[in-house]
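This is what each chain is made of:
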Amino acid sequence: MQTDYRNRERRRRAAWIAFLILPPLAIMLTFVVWPLLSALSAAFYRWDGMAQGEFIGLKNFADVLFGEHFAVLTWRAFRHNLFVFFALFVVQNSVGFLLAWFIYREPFGFRFHRVAIFMPVILSTVLVGFLWKLFLDPNFGLINQFLDMAGLGNLRQPWLGQETTALPALVLANAWHWVGFPALVYLAGIQRIPREILEAAKLDGCNGWQMLTRVVWPLVTPSTTITLTLLFIGAFNWFELPYIMAGLDGSPYGSTDVLGLYFYRTAFGNQSAGLQDFGHGNALAVLMFMFIAAVATVITQYLRKREIAL
Amino acid sequence: MLAGIQTKSIVRRTLGKLALTLFAAATAFAAPAKAEDLTLWSWRQEDKAAYAKFIAAFRKQHPDINVKFEAFEAANYNTVLSTALAGGTGPDIVQVRAYGTLGVGKPDYLVPLDKAMIPEFANFPDSAIAAETMRADGKLYAVPFASQTMLIIYNKELFEKAGVTPPNTWDELVSVSKTLKEKGINPFGNGTATAWQNETIVGALLSSQIGKQFEQDVLAGKADFTDARFVGALTKLNEIKDYFAPNFSGVDYAASQQLFAAGRAAMFAGGSFEIANFLRQNPKLKLGLFASPVAKAGDPRLVALYYDGGYAINAASKNKDAALKFLRFLGTPEFGTAFSNDLQNISPIKGVAFENPLLKEVAALNQSAMSYIMLVNFRYQEPTGSVLLQSGVQKMLAGKATPAEVGAEITKGIATYYAPFKK
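Residues numbered from 1 in each chain as written. Chains lettered and ligands numbered in written order. Predicted model: local features only at pLDDT ≥ 70, side-chain atom pairs only at ≥ 80, totals over all residues.

Attention shifts here to the overall build of chain A. Check the secondary structure of chain A and you find 14 helices and two strands. Over its C-alpha atoms chain A spans a radius of gyration of 25 Å, topping by over 25% the 19 Å that the globule rule assigns to 310 residues. Principal axes of the C-alpha set define a box for chain A whose edges measure 85 × 70 × 35 Å. The 310 residues of chain A split such that 36% are buried. For chain A, restricting intrachain contacts to residue pairs at least 6 apart in sequence, the fraction spanning at least 24 positions comes to 68%. (Helix = DSSP H or I, 4+ residues; strand = E, 2+ residues; numbered from the N terminus. Rg over C-alpha atoms; globule rule 2.2 N^0.38 Å. Buried ≥ 20, exposed ≤ 12 C-beta atoms within 10 Å, placed from the backbone. Contact = placed C-beta atoms within 7 Å.)

Counting its secondary structure elements, chain B contains 17 helices and nine strands. For chain B, the C-alpha atoms occupy an extent of roughly 100 × 50 × 40 Å along the three principal directions. Residue burial in chain B is summarised as follows: out of 423 residues, 49% are buried. Nonlocal contacts in chain B, meaning residues at least 24 apart in sequence, comprise 74% of its contacts between residues at least 6 apart.

We now examine the domain arrangement of chain A. It is common to give the size of an interface as the accessible area that goes away when the parts come together. The domains assigned to chain A are domain 1 (2–42) and domain 2 (60–309). Placing the centre of domain 1 of chain A and that of domain 2 of chain A at their C-alpha centroids yields a distance of 37 Å. (Domains from an automatic or database assignment.)

The next thing to look at is the interface of chain B and chain A. Contact with chain B, which involves 30 residues of that partner, is made by 27 residues of chain A. Of all the elements in the fold, those that place two or more residues in the side of chain B that touches chain A are helix H3 (74–86), helix H7 (195–210) and helix H16 (385–397) of chain B. At six residues, the largest contribution of residues to the side of chain B that touches chain A is made by H16(B). Its residues assigned to classes, the side of chain B that touches chain A shows 10 nonpolar, 15 polar and five charged. (Nonpolar A, V, L, I, M, F, W, Y, C, P; charged D, E, K, R; others polar.)

Quick look at the domain arrangement of chain B now. Residue and element names in this part refer to chain B. Along its sequence, chain B is organised into domain 1 (37–148 + 307–370) and domain 2 (149–305 + 374–421). On a C-alpha basis, the centres of domain 1 and domain 2 stand 29 Å from each other. Opposite the 16 residues of domain 1 that make contact, domain 2 presents 24 residues. At the level of elements, strand S4 (142–155), helix H14 (357–365) and strand S9 (369–371) are the ones that each hand at least two residues to the side of domain 1 that touches domain 2. Tallying contributions element by element places H14 first for the side of domain 1 that touches domain 2, with four residues. Class assignment for the residues of the side of domain 1 that touches domain 2 results in seven nonpolar, seven polar and two charged.

Let us now look at the confidence of the model for chain B. Detailed reading of the predicted coordinates is not advisable wherever pLDDT is low. Residues and elements named next belong to chain B. Residues with a pLDDT of 70 or more make up 91% of chain B, whose mean pLDDT is 90. Under a pLDDT of 50 for its full length, residues 1–8 has, in the predicted model, zero contacts with residues more than four places off or in other chains. With pLDDT under 50 throughout, residues 18–34 is counted as low confidence; its partners more than four residues away or in other chains account for zero contacts. On the interface metric, ipTM, the complex scores 0.84, and its pTM is 0.86. (pLDDT = per-residue confidence, 0-100.)

Pasting the structure below:
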């Protein structure tokens, strides 16, 4: 009687677990695992546009990494992604950290600032892209007009039209859009630091800068792990903002070309210039995925270790 | 008891309805599609109403054939179409792109056509026929529908205000631009921040200097893009860049269109497709057109021309005879006239009567045309001629490359797949 009841209970439990797990598992398999595997397999074939050709092994991978035409573009895009990652680390994450510290100290109107800093994060990238494209317009954009008003008219630039300023301008627009996210994560991190530690540091004669760099920064390492990993993934998957502001070709002449644009252009074709090439496009996508997954794992592992060490 | 009867009757009624619906659905599936029902796939959703008119006109001659127009989003059209064709399905009549693989991938998916099957091909210029010929097998697969022309559109009122007339030679273009600028009018609205605009600028402004002979020599393997005719034309373009929109390197396509449409620039080097655009934005504009200026008086004046696409028959279609009848209709001047006037597009069919005087003018300019060289000849493998030309010219106009370097870079890129350029 007793075991019967237990068995029934166990079966009910198993059914309940299956009921909860199977639907999401099915969705994951259909919409995540299967597309990933099919992209992987497609990368091993020759493609005429959308029409699949014969199996060619690793040729697509070799082409995009070392091939005459592809390699230059691949490595250029990769260098741009690296630049974007480091630049965003400085102007997005570090500024986010400073803003968090600023808000944590609850200056006048901090409630307003807390909302204001996070506000752009909820805007859509399309909106932010168009907005900043208008701001940066060389003839009637806000930035150049502002420079004029400040008496700095000779600093006027066609920001998105020249090699030297186009990618930094995109980084800036991205930082404006996203800075609220690291700020929020860091704020939560700082708020978790026990008050006694900060008070003790103050009693020991820490000045503001020492407090920030020697006490607060090391203690928010878990927040850094999160923001840095997400920033890395975001920087190497960067697509929407450059697509809206610089176009599929990474205008001007490829100086804003990043892996996301390059992959899209290769796989799906640029209506006004290029062709569809699924094989090379998929090879690029697979390489990007492997690279991002590998590095993100290493970053997380390394920073987690540091968290424990501290 | 009463309640029971009621429930029963409701159940019976519902079941009856269900059975009826099922029966209707079953017959709809089971009934063989009428032999004369054709489907036509297109990427032009905005043309639905116009096609309803064209199809009605066709049905006056062939009341037994019905054509159903189905449109897909332009950006996904090629994907949807090639997937359907690869699966042996798809419509009877396919709107296909021009050049290369016509956007369908392989020749096997379409029915090859010739003049015996469609005598109306005689109504088309050779360049239109060539546009719908597949590169892989050199066979003709579609009846062409529209051409686009690269030329210079100008604002008549601003020209009058500055006291200038449309130029014939390049030197005249330079002096017209100079006069306009002195009178405080931007000569060109063009900017270069959008990559593909650089290709249209070259086609619109330089065709007369590049010339048909150069194109023939390139296709015959006798010349490449380091040729003096091509590099010389780029040099001329480089010399007039100061007459483009202020800070042109940062002015994108939309901003350059606005400059011209708002009457803040006198000329726009672009495609005939801009005309409708400009007039929609500013119906008060008085527009004029001219072909690219010549190097010296007496040289032939040329516009650059390409075709948008055509109508083909699906090889898997069960109604090929009816489809052929419809394709023949699409090659007649009556259709060309309706197409041009309803859609404000230029049909390449000879004998079309244009209502819009500007379109009529474009059609007249088309009589002396070379092809829009990269799109027509070098867009079948990466790096395409278009990709190379666009970034090269963008770089040159930004002052970061010389015309000779651009020519060499284009030649080097195309040489990776075009045998005559391999040395």
